[in-house]
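# Coordinate inspection notes
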Amino acid sequence: MNLKKYFIRALHRLQKGPGYTYKELLVWYCDNTNTHGPKRIIKEGPKKKLIWFFLTLLFASLVFWQWGILINTYLSYNVTSSLSIGFKTMKFPAVTVCNANPFKYSEVRHLLKDLDRLIEAALERILQPTPGNSSENVSLPLNMELWNQIPLVLIDEHDKDNPIILDIFESNQPAVGNQTVEGNRTTEGNEMAEGNETFMGNETFMGNETFMGNETFTGNETFMGNETTTPPAPANVTSEEKKYKLAVKLCSHQGSDNCTYRNFSSAAQAVSEWYILQSTSILAKVPLQDRIRMGYQAEDMILACLYGAEPCNYKNFTQIYHPDHGNCYIFNWGMDEEALNSSNPGAEFGLKLILDISQQDYIPYLSSAAGARLMLHQQKSFPFLKDQGIYAMAGTETSIGVLVDELERMGYPYSDCTVNGSDIPVKNLYSQYNTSYSIQACLRSCFQIHMIETCGCGHYMFPLPEGVNYCNNEDNPGWAYCYSSLRSSIRDRQICIDSCKETCNDTQYKMTISMADWPSEASEDWIFHILSYERDMSTNVTLDRNGIIKLNIYFQEYNYRTISESAATTIVWLLSSLGGQFGFWMGGSVLCLIEFGEIIIDSLWITIIHIISWCKGLKQKRAQMRYPDAPPTVSELVEAHTNLGFQPEDTGTLPRDEALPPEPGTPPPNYDSLRVQPLDILGPDSDAETE
């Protein structure tokens, strides 16, 4: 109770207004505030009061509207970009060079021999060879189990509403009943008809006939018997044949009807994609050390090296294995030693390389491009050559002038970037290379994790977490179907895009590329002799123009550009803008805001006091409801508790005829004996008592 009284007393002290009503408080504020307008409301006449009340309300609304816009602008956290140009000694970028062909064909031929026989036989049926021009591999046994795992099929789109799927190596495709086709019919691949199949015409072939290639017949033929023939190629190819498309058939498991067909506009694209899928399954089972051994070695690939005026060799490169390009070699990666600086701009102060790509040992169906793949990137970052690399053509000297752009982004809340990737929910699978975070590493790690969760195995092109194996056709028959579905899923891609962030600080290298034939016809003889002798210690020329590449990489200028972000709105801007709007519309200042805050506090105190008063009144009403009559006096309450005989009797609980004897009790005091009486009235008893 003492605490409650103290609190109420404190509320009365804190309330500084002239009274305890809202009206009194409002009048007091208008009379004492330094803000223009409210004083005129209480001091002017009735008409002017109305005008000033309207103007004050209007301008106050404008102030709050402008404040809302300013605060919303500040909370949007916009940035401005500034470009500055500097001049300093810069670190030479890390240079990654790879061969466009990941493995030497002589080293992997034994692994891909069944695959090569299949694709050669399929190409013969697709390309419709002329009689006597067939490959010898047709007679060799084919690994149809390998083919049936991921087959190539032909799609007949003459009837777009009902396309027909034709397997290239299908040799027993039954026709149900009598099937009739009118008009011109184009047959691609290998088609077998059993039973009676009628074509409108006059020519009859005895037996089942297999057609290889694209052939157009006008009229109808009847096929009966068991003979298989290969017709010659027609002299004229009609436009109807273009309605056939080559596709890769992907099924959830072998023999399943849950299949999808990846169509291609060109058979070259289909063959290349099919070969990559099949070779991926085969190479996924090869240990990493064997794959490195089957690739191009640094001492064979890097023939000459010069950085500035200092000679270098293959030992100055760091070897990594890249799934797309096999063995790759990085110069100035900065992992084991400090990064090199460039003293001056110009070609004579850059990196000069001579590479041998050994084009004659390329895998014919896996690598359709010949050359070297290279990329410039920061130190201690993983090179993603498939996305950011460039090709250098064989038989040329390629000069690359480099300009440096440094990007500096602001972090949260101004931009959604990360400093080192520690706040990214995706596990970085490329951390096993001890490289820094990049958004490419995050996106690929996210895709690999989703593939492991969905397909139960990892893709050959990305790193693996511990305890997981790469996908292959034997252990995971439906991996290609799962991979294709996952790659085309927009939802899964969006999940990875939302999870990964750009780095706040990044360095980009802008390249200016020029090429020339190298070596020239006048100098190729002695250059090839020297390079062949240095590599093979042979006087014979073992190199040619198709396998030699020369690279010049240098800083084009020493100027570097820095693109940095800064906050477009700061807290200083916000306060000055808020104050400017308040002063312009209301003629106020910070003190006026304090006065406004004071009236709000006083209003709260008044509200609390009223709530306390209301609670006290409510408590008194509840007490009155307990005693509907007049409340008893203190003497009556005491007498009721100490003299049980004077308690009121509840006569309703006893029968009428039965009357209880009076309960003994102490009689009330004789208050008259206490009065002062005259002496003559007192009796003898009184005298006796006085004696």
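Cut-offs applied
- Residues numbered from 1 in each chain as written.
- Predicted model: local features only at pLDDT ≥ 70, side-chain atom pairs only at ≥ 80, totals over all residues.
- Heavy atoms only, no water.
- UniProt positions renumbered as here; feature names shortened; annotations may be inferred.
- Helix = DSSP H or I, 4+ residues; strand = E, 2+ residues; numbered from the N terminus.
- Buried < 20%, exposed > 50% of the residue type's maximum accessible area, 1.4 Å probe, protein only.
- Contact = heavy atoms within 4.5 Å.
- Areas by Shrake-Rupley, 256 points an atom, 1.4 Å probe, with all protein chains shown as cover.
- Disulfide = S-S within 2.5 Å.
- Axes fitted to C-alpha atoms, helices over the stretch in contact; angles between N-to-C directions.
- Parallel < 35°, antiparallel > 145°, perpendicular 65-115°, else oblique.
- Left-handed = near helix turned anticlockwise from the far one by under 90°.
- Pairing = 2+ DSSP bridges.

The protein chain goes by Epithelial sodium channel subunit beta in an unreviewed UniProt entry, where it is assigned to Columba livia. Quoted verbatim from the Sequence similarities (unreviewed entry) field of the UniProt record, the comment on the protein chain reads "Belongs to the amiloride-sensitive sodium channel (TC 1.A.6) family. SCNN1B subfamily." Check the Catalytic activity (unreviewed entry) section of the UniProt entry for the protein chain; it says "Na(+)(in) = Na(+)(out)".

### A few points about the overall build of the protein chain
Along the backbone of the protein chain there are 18 helices and 26 strands. The burial tally for the protein chain puts 40% of its 691 residues in the buried class. Within the protein chain, contacts between residues separated by at least 24 positions form 69% of all contacts whose residues are at least 6 apart in sequence. When the accessible surface of the protein chain is split by element, carbon and sulfur atoms take 55% of a total near 40900 Å².

### Here's the deal with the side chain of Arg291
Checked against the element boundaries, Arg291 lands in helix 8 (residues 288–294). Once residues lying within four places of it in the same chain are set aside, the contact partners of Arg291 are Phe103, Leu283, Val286, Tyr321, Tyr460 and Tyr470.

### So, the state of the cysteines
Enumeration over the complete set of coordinates arrives at eight disulfides. Bridging Cys305 to Cys312, the disulfide has an S-S length of 1.7 Å. The disulfide joining Cys305 to Cys312 has a torsion of about -80 degrees about its S-S bond and is therefore left-handed. Each member of the pair, Cys305 as well as Cys312, carries the same accessibility label: buried. Shown here is the disulfide that connects Cys442 with Cys500, its sulfur atoms set 2.0 Å apart.

### Topic: the packing of helix 5 (residues 105–127) against helix 7 (residues 267–283)
Where helix 5 contacts helix 7, the axes come no closer than 10 Å and their chain directions differ by 160 degrees. Between helix 5 and helix 7, the crossing angle belongs to the class labelled roughly antiparallel. In this structure, helix 5 crosses over helix 7, and the sense of that crossing is right-handed. Residue-level inspection shows Leu111, Leu112, Leu115, Asp116, Leu118, Ile119 and Leu123 of helix 5 in contact with helix 7, the latter providing Val271, Trp274, Tyr275, Gln278, Ser279, Ile282 and Leu283.

### Examining the sheet that holds strand 3 (residues 94–99)
Strand order across the open sheet formed by five strands is 16-17-3-20-21, with antiparallel pairing between neighbours. In the strand order of this sheet, the two ends are held by strand 16 (317–322) and strand 21 (390–392), each with one partner. Each strand axis lies, on average, 30 degrees off the axis of its neighbour in the sheet, ignoring direction. Of the strand pairs in this sheet, strand 3 and strand 17 (residues 326–331) are connected by four bridges, and their pairing is antiparallel. Note that in strand 17 the partner of Cys98 across the bridge is Cys328.

### Here we look at the UniProt feature "transmembrane region" (unreviewed entry) in the protein chain
Under the UniProt annotation, the feature "transmembrane region" (unreviewed entry) is placed at residues 50–75. The distance separating the terminal C-alpha atoms of residues 50–75 is 37 Å; by composition the span is 100% helix and 0% strand.

### Quick notes on the environment of Glu406
Here Glu406 shows up in strand 22 (residues 396–408). Counting along the chain gives 103 residues from Glu406 to Tyr509, while the straight-line C-alpha distance between them is 8.8 Å.

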